[in-house]
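# Per-entry structural report
Okay, here's what each chain looks like letter by letter:
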Amino acid sequence: MSIFNLEQINTTISQLTHISSYQLEQLYISIGQTLEMTFTCGLFTLIGGLPLAIFLVITAPNSLKPAPLLNRVIGFIINIFRSIPFIILLVALIPVTRFLIGTAIGTEAAIVPLTIATIPYFTRIAEVSLKEVDHNLIEAVKAMGGNHITIIKEVLLPEALPGLISGFTVTIILIIGISAMAGTIGAGGLGHYAIQYGYQQFRSDIMGIVIVLLVIIISAIQWIGDYLANYFNHR
Amino acid sequence: MASQLPVIEFKNVCRQFGKHVVLSDISFSIQKSEIVGIIGHSGAGKTTLLRCLAGLEKPTSGQVLIEGKNITNLPEKALIPLRQRIGLIFQYFNLLNSKNVLNNIALPLKISGVSKTERIKKAKELLELVGIPDKAYNYPAQLSGGQKQRVGIARALAANPALLLCDEATSALDPETTRSIIELLIQINQKLKLTIVLITHEMSVIRLLADRVIVLQKGKIIEQGLVSKVFSHPQSETTQQLLQEEQPTLPDSILKNIHKNPLQHDHAILHVIMMGKVVREPLIANLQKNYQISAILLEGNITHIRETPIGTTFLAVPADQCQQTIKALTNMGVETVNKVGYVNF
């Protein structure tokens, strides 16, 4: 007899909280969906947003490779995407989502609009951290004979790392927040669960449990983010 | 012979930003293992000159030659290996906070493609040379200003540069640390036969460290030569001004009573500049003993340019013995004696 008998635990929770085992099962699925959306979207945001931020920083006037026009155009596009409310983006991007992954509903489908909404957000946050790197350090490495790639690899990214980690933590938490809206296109998740089983069924106990769960998840992410940012901060 | 080529040569270098001329017609050359100081007021073009030296900035016209190679018209890519021939140290050290001391020093080697074991070995040797071998695994934030500059120097030396360029390298340090860094630089210059160029506004640093000095004013070289010559006999007003802060001057209480023509019982004030052996002689006692002149010491100091002592004093002697004193001092080997005026105590 294992002490980690899941069914046994479920039954115990059900009895204690008056939540049916079906609702409990749905809760587990929702947690999984929220985590899936958050981390997949987080990964793509990092892959898309960080190079974009580096691009914006090095093409800025007086930077490594100034390209003022291109810099302004990209900056403007980012501003457009940051201006559109997520709930509108979610619906507006349905054709794109369908083109990319074959369907417009479900957890995977929600990752497309989520990523497109958070990339511009993270880009701006990362841009601030990268811009704060002391220009004299860049000059120093340039004087050593470092090329642009060296400067990005040895100066910009490592020096900005603590700020980038903090910024990414904020972005991840933002994804958890806006993923609640993804329920609109059948993505599920904790936010949707709270509306369906908590709000619409007048179960404030379920609502409470969801909120407590979100507090735990968000605190954990924030704690990990702070820990890592601190670990890499040698100032 | 290649070693006879100057390490750095500027030929009629001009640099303009728009219509603003920052450097105009700068020509000089620096030989191997020389230590050259470049001084000037802020805005004289020191920083631009340094950036041209480091290959970070291109002159508008004229040529910059590094070890005989003209770098003026080279594309950015070709400049990269030449920049590695020049080690730079900075006022605020510019160490990477994200790397430990060893990796900071090894960075120039990493850039030039040296293997990891090689560069760590070299970095450790350099750390030994600059005298902080126990700080290898510390991060810059854990070091004092002097230690940071030592790391900066080690990093600048990593790629075996032909030239060490110091940009106000001691200006952010306290006097004691400044002295220890100067000693380190002299030691490196002697040990490695390394050419050093210092850009600074601190005359004391030039005095202690440099062989030659170049004085800049409004983008032009207005004076250059051996430090002992230029500092003891500054020709231009700018050099005199720059040296002023270090030179003793008469106190205001005396200055306001000075008059041109002698009255009865007046004293003449003489400004006496001497260098070398004469400084080590009992000047006032000799005046008394050999010429029966009672001189009063009003103000004075002795500084050193490398090994040479330079004394600057203000003496007061009875007005009627003024000419006699000037003659006597000249006989003793004093460089210059100027009559400032007369004063009644």
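Quick caveat, the model's predicted, so the values are computed rather than measured.

## Details of the overall build of chain A
- The secondary structure content of chain A amounts to ten helices and zero strands.
- The buried share of chain A, taken over its 235 residues, is 44%.
- Surface exposure of chain A reaches about 12,400 Å², of which carbon and sulfur atoms provide 69%.
- Taken as two groups, the 10 positive and 12 negative side-chain charges of chain A have centres that lie 14 Å from each other.

## Describing the state of the cysteines
Residue and element names in this part refer to chain B.
- This model, assessed by the stated rule, comprises zero disulfides over all chains.
- Here cysteine 166 is not cross-linked by a disulfide; its sulfur's nearest cysteine counterpart is in cysteine 52, at 18 Å.
- Exposure remark for cysteine 166: the relative accessible area of 1% places this residue in the buried category.

## Some points on helix α3 (residues 101-111) of chain B
- Among the eleven residues that make up α3 of chain B, nine are buried, leaving the element largely enclosed by the rest of the structure.
- Turning to α3 of chain B, its buried residues are Val101, Leu102, Asn104, Ile105, Ala106, Leu107, Pro108, Leu109 and Ile111 of chain B.
- In this structure, the buried side of α3 of chain B is in contact with α7 (135-143) and α8 (148-179) of chain A together with α4 (116-129) and α5 (145-157) of chain B.
- Looking at the residues trailing α3 of chain B, positive phi occurs at glycine 113 of chain B, about 80 degrees.

## Some details on the sheet that holds strand β11 (residues 267-275) of chain B
All names here are of chain B.
- The strand order β12-β13-β11-β14 describes an open sheet built from four strands, whose pairing is antiparallel. At either margin of the open sheet sits one strand with a lone partner, and together these are β12 (296-305) and β14 (336-343). Across the sheet, the axes of successive neighbouring strands diverge by a mean angle of 15 degrees, strand direction being ignored.
- Of the pairings in the sheet, the one linking β12 to strand β13 (residues 308-318) comprises nine bridges and is antiparallel in character. Bridge assignment links glutamate 299 to a residue of β13, and that residue is phenylalanine 314.
- In this fold helix α12 (residues 322-332) packs onto β11, β13 and β14, with an angle of close to 10 degrees to the strand it touches most, β11.

## Let's talk about the pairing of strand β8 (residues 195-199) of chain B
Residue and element names in this part refer to chain B.
- The element β8 is largely enclosed, with a buried count of five among its five residues.
- Burial along β8 is two-sided: the face carrying Thr195, Val197 and Ile199 and the face carrying Ile196 and Leu198 are both buried.
- For strand β3 (residues 35-39) and β8, the ladder comprises four bridges, and the chain directions are parallel. Note on β8: the bridge partner recorded for isoleucine 35 is isoleucine 196.
- Bridge count between strand β7 (residues 163-167) and β8: five bridges; the pairing is parallel. In the strand pairing of β8, cysteine 166 is matched with leucine 198.
- For the crossover that starts at β7, traverses helix α6 (residues 175-192) and ends in the parallel β8, the hand is right-handed.

## A look at the interface of chain B and chain A
- Each partner contributes to the interface: chain B provides 22 residues, whereas chain A provides 18 residues.
- Taken together, the two surfaces of chain B and chain A that pack against each other cover about 1,800 Å², and 61% of this comes from carbon and sulfur.
- Here chain B is connected to chain A by three salt bridges.
- Put simply, glutamate 154 of chain A and lysine 110 of chain B hold a salt bridge, and the shortest N to O gap is 2.9 Å.
- Counting across the interface, chain B meets chain A through seven residue pairs in polar contact (both at pLDDT 80 or more).

## Some remarks on the pattern of salt bridges
- All told, the structure shown has twelve salt bridges over all chains when counted by the stated rule.
- Of the charged contacts in the structure, one is a salt bridge between glutamate 57 of chain B and arginine 51 of chain B, with a shortest N-O distance of 2.7 Å.
- Salt bridges sharing common partners tie together Glu139 of chain A together with Arg15, Arg51 and Glu57 of chain B.

## Notes on the packing of aromatic side chains
- Summed over the entire model, instances satisfying the criterion amount to six aromatic pairs over all chains.
- Relative to phenylalanine 168 of chain A, the ring of phenylalanine 122 of chain A has its centre 5.5 Å away and its plane inclined at 70 degrees; by these criteria the two rings are edge-to-face. Remark: phenylalanine 168 of chain A occurs in helix α8 and phenylalanine 122 of chain A occurs in helix α6 (residues 107-131); sequence separation between them is 46 residues.
- Overall, the relative accessible area of 1% leaves phenylalanine 122 of chain A in the buried class.
- A ring pair is formed by phenylalanine 10 of chain B and phenylalanine 28 of chain B, whose centres lie 4.8 Å apart and whose planes are at 15 degrees; its orientation type is stacked.

## What to know about the pairing of strand β6 (residues 86-89) of chain B
Residue and element names in this part refer to chain B.
- Side chains Ile86 and Leu88 of β6 all project onto a buried face; the interleaved residues Gly87 and Ile89 project onto the opposite face, where all are buried too.
- Looking at chain direction, β6 and β7 are connected through four bridges and run parallel. Considered in β7, the bridge of isoleucine 89 is made with cysteine 166.

## Points about a nonpolar patch on the surface
Residues and elements named next belong to chain A.
- A cluster of nonpolar residues, Phe76, Ile80, Ile84, Ile87, Ile88 and Met181, forms a patch on the protein surface that exposes about 510 Å² of accessible area.
- When contributions to the nonpolar patch are tallied by element, the ones reaching two or more residues are α3 (68-83) and α4 (86-92).
- Tracing the sequence through the fold places methionine 181 in the loop between α8 and α9 (190-199).
- Given the relative accessible area of 31%, methionine 181 is considered partly exposed.

Quick notes on the rules
- Residues numbered from 1 in each chain as written.
- Chains lettered and ligands numbered in written order.
- Predicted model: local features only at pLDDT ≥ 70, side-chain atom pairs only at ≥ 80, totals over all residues.
- Heavy atoms only, no water.
- Helix = DSSP H or I, 4+ residues; strand = E, 2+ residues; numbered from the N terminus.
- Buried < 20%, exposed > 50% of the residue type's maximum accessible area, 1.4 Å probe, protein only.
- Areas by Shrake-Rupley, 256 points an atom, 1.4 Å probe, with all protein chains shown as cover.
- Lys, Arg positive; Asp, Glu negative; His and termini not counted.
- Charge placed at Lys NZ, Arg CZ, Asp CG, Glu CD.
- Disulfide = S-S within 2.5 Å.
- Contact = heavy atoms within 4.5 Å.
- Pairing = 2+ DSSP bridges.
- Axes fitted to C-alpha atoms, helices over the stretch in contact; angles between N-to-C directions.
- Right-handed = clockwise from strand over helix to strand, strands pointing away.
- Buried area = accessible area lost by both parts, 1.4 Å probe.
- Salt bridge = Lys/Arg side-chain N within 4 Å of Asp/Glu carboxyl O.
- Polar contact = N/O pair within 3.5 Å; in protein donor to acceptor, adjacent residues only side chain to side chain.
- Phe/Tyr/Trp six-rings, centres within 6.5 Å; stacked < 30°, edge-to-face > 60°.
- Patch = residues over 30% accessible without salt bridge, like charges linked within 9 Å, V, L, I, M, F, W, Y side chains within 5 Å.

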